[in-house]
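This is what each chain is made of:
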Amino acid sequence: MLRKVLAANDRLADELRAEFEKFGVFAVNLMGSPGAGKTSLVERTLERAGDMRIGVIEGDPETSLDAERIARFGAPVVQVNTGGGCHLDAAMVRKALGRLDLACLDVLLIENVGNLVCPSQFDLGEACKAVVCSLPEGDDKILKYPGTFSLAKAVVLNKMDLLQHLRFDVPGFRRHLSELNPQARLMEVSCVTGEGLDRWMEWLKDGVGRTRA
Amino acid sequence: MHELTATQNILSLVLAEARKVGAARVVRVFVKVGEWSTIEPDCVDFYFAVIAKGTAAEGAQLAIERIPVRYRCGSCGLEYTPEGGSFACPGCSGASGTLISGRELFIDSIEVVHADTRVAKSAGRKRPARGRAARGV
C-alpha cells in the first residue's frame, strides 16, 4: 500500500508553501535547543530589518512570553502554544496564518519549539530550515543531532562572544557541518555584540530575492 | 515525543486501507522507520496496541523495520553509513555525500483477514514503488 505516515502534514505543508510563494514571502523554519537564542536572533533581525517586512510565528509549549518580546518591535507576531507538544506542525502554522497578512510581509520567521529532534520531521511549508545553535550547548551537537542539521540550509552558531570562556572547538564544528551538510551556510554570530549578524541579514535578503525572482 | 501523532496516522491509514480491500481484520502492519525519522519504534508499538483497541486493527502486530542511514559519496560514488563521528566518505574522505536513506517513515504493506478467514497481503510491495517512496520520504 505504501503510505507516508505524515502524508497529511506534508500535503498541508505543500499548500502553505504555495501560499507563501503566491505572496512572495520567504518563510524560514527556525529550529534549535531551548536557550540557543532563537528569539534573540529574531529580535536582532527585527532591529536590522530596515524596509524588510518581517512577520513572526512563535512556537512554545506554554506562555506568550516570546510573542510579547517580539511585539515590542512592532512586528506582526502570533504565539502558538502547543500545550506541551514538542514541535510545530503545518496545521498549527495554517491556523496562525489566519492572524497574519501575508500580503504585507517579505519574510516569515517561524520559531519552532526548542528541540533539536522532533521539529525536523514536520514540514511547515517553509522555503528553508535554519538551525540556531550556541556555544554553551557544546561542540558535539552536529554529531548528536545529524537528522536536524542535515536538513538545514543555514546554521547560526550563536553566543560567539562567549568563546573565550568556553571550550568549544569551532574548527571541529565547522568540519562536522561541512561533512554532514556541505550545502548549509554557517554563520557565526553573537546576538549580544551583533557580531556576524550582517551575514545573517544578507542571507535573509538573498532568500527574499530568490522568492521574488 | 510525537510518536502518538505518528501512530494515530498509521492507524487511520491502516484502517482506511483495510476498508478499501474489504478486510475484516488487520493481522500485521509492515512499517519502515529510518534511523533519522525521529520516531522511536517501541513507543509506536506501545501506542498502537492502545489506540487500536476496538478497531479492525486491534491486536495487529506491528512489524517495524529500521532503515539505516546511508550516504552516497559525491566524489567516488561509494555508499556508506557514517561512523566514528565523521560523515565524510570512508573511501576517499570526500565531504559531499548525499543522504540516500534513513529518513523513511511509511507503511509498506498490511496483512489482513477477510471475513472468510483468508489471510491476504495488501498490494503494493513492488520494488520500484518502494524505491520511489524510500527516496521521497
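Remember, it's a predicted structure, so these values are computed and weren't measured experimentally.

Here we come to the overall build of chain B. When you go through chain B residue by residue, the secondary structure sums to three helices and seven strands. When the helices and strands of chain B are listed from N to C terminus, the series reads α-β-α-β-β-β-β-β-β-α. Residues classed as buried in chain B amount to 36% of the 137 residues present. Taking the intrachain contacts of chain B between residues at least 6 apart in sequence as the baseline, contacts between residues at least 24 apart amount to 68%.

You can see Val-117 of chain A is positioned in the loop between strand 5 (107–111) and strand 6 (128–134). With 18 C-beta atoms counted inside 10 Å, the residue Val-117 of chain A sits in the partly exposed group. Residues Val-117 of chain A and Tyr-145 of chain A lie 28 residues apart in sequence; the distance between their C-alpha atoms is 6.8 Å. Residues within four places of Val-117 of chain A in sequence aside, it is in contact with Tyr-145 and Thr-148 of chain A together with Thr-38 of chain B.

With that out of the way, let us pick up the interface of chain A and chain B. Listed as interface residues are 21 residues of chain A and, on the opposing side, 29 residues of chain B. When residues of the side of chain A that touches chain B are traced back to their parent elements, those giving at least two are strand 1 (3–4), helix 6 (146–149) and helix 7 (170–180) of chain A. The element that contributes the greatest number of residues to the side of chain A that touches chain B is helix 7 of chain A, accounting for three residues. Tallied by class, residues from the side of chain A that touches chain B come to 12 nonpolar, six polar and three charged. Pairing geometry for strand 1 of chain A and strand 6 (residues 105–113) of chain B, over two bridges, is antiparallel. Looking across to strand 6 of chain B, one finds that Arg-3 of chain A is bridged to Ile-107 of chain B.

In this model, helix 1 (residues 3–20) of chain B (18 residues) spans 25 Å end to end at C-alpha, consistent with the 26 Å of a helix rising 1.5 Å per residue. Buried within helix 1 of chain B we find Glu-3, Thr-5, Ala-6, Thr-7, Ile-10, Leu-13, Val-14, Glu-17 and Ala-18 of chain B. Elements that come into contact with the buried residues of helix 1 of chain B comprise strand 1 of chain A together with strand 1 (25–34), helix 2 (41–51) and strand 6 of chain B. Immediately beyond the C-terminal end of helix 1 of chain B, within one or two residues, lies Gly-22 of chain B, with a positive phi of roughly 70°.

In this model, chain B carries a mean pLDDT of 86, and residues with pLDDT of at least 70 account for 83%. Here residues 124–137 of chain B scores under 50 on pLDDT; set against residues more than four positions off or in separate chains, the count is 20 contacts.

It is worth spelling out the nonpolar core at this point. By size, the foremost hydrophobic cluster in this structure holds 65 residues, and its most contacted members are Val-93, Leu-108, Leu-109, Ile-110, Val-155 and Val-156 of chain A. At five residues, strand 2 (residues 26–32) of chain A tops the list of elements feeding residues into this core. One finds Ala-6, Val-26, Val-31 and Ala-60 of chain B within the second-largest nonpolar core, a separate group that totals 25 residues.

To continue, consider the packing of helix 1 of chain B against helix 2 of chain B. Residues and elements named next belong to chain B. Packing of helix 1 against helix 2 brings their axes to within 9 Å, and their N-to-C directions diverge by 55°. In this view, helix 1 runs oblique relative to helix 2, as classed from their interaxial angle. In the packing of helix 1 onto helix 2, the handedness of the crossing is right-handed. Between helix 1 and helix 2, the contacting residues are Glu-3, Leu-4, Ala-6, Thr-7, Gln-8, Ile-10 and Leu-11 on the first element and Cys-43, Val-44, Tyr-47, Phe-48 and Ile-51 on the second. Looking at side-chain class alone, the contact of helix 1 with helix 2 contains nine nonpolar, two polar and one charged residues.

This next bit is on the packing of helix 1 (residues 7–23) of chain A against helix 4 (residues 90–97) of chain A. All names here are of chain A. Across the interface, helix 1 lies against helix 4 with an axial gap of 8 Å and an inter-helix angle of 35°. The way helix 1 lies across helix 4 gives a crossing that is left-handed. Seen from helix 1, the contacting residues are Asn-9, Leu-12, Ala-13 and Leu-16; seen from helix 4, they are Ala-90, Ala-91, Val-93 and Arg-94. Of the residues assigned to the contact of helix 1 with helix 4, the class counts are six nonpolar, one polar and one charged.

About the criteria used
- Residues numbered from 1 in each chain as written.
- Chains lettered and ligands numbered in written order.
- Predicted model: local features only at pLDDT ≥ 70, side-chain atom pairs only at ≥ 80, totals over all residues.
- Helix = DSSP H or I, 4+ residues; strand = E, 2+ residues; numbered from the N terminus.
- Buried ≥ 20, exposed ≤ 12 C-beta atoms within 10 Å, placed from the backbone.
- Contact = placed C-beta atoms within 7 Å.
- Nonpolar A, V, L, I, M, F, W, Y, C, P; charged D, E, K, R; others polar.
- Pairing = 2+ DSSP bridges.
- Expected span 1.5 Å × (residues − 1).
- pLDDT = per-residue confidence, 0-100.
- Core = buried A, V, L, I, M, F, W, Y, C linked by C-beta atoms within 7 Å.
- Axes fitted to C-alpha atoms, helices over the stretch in contact; angles between N-to-C directions.
- Parallel < 35°, antiparallel > 145°, perpendicular 65-115°, else oblique.
- Left-handed = near helix turned anticlockwise from the far one by under 90°.

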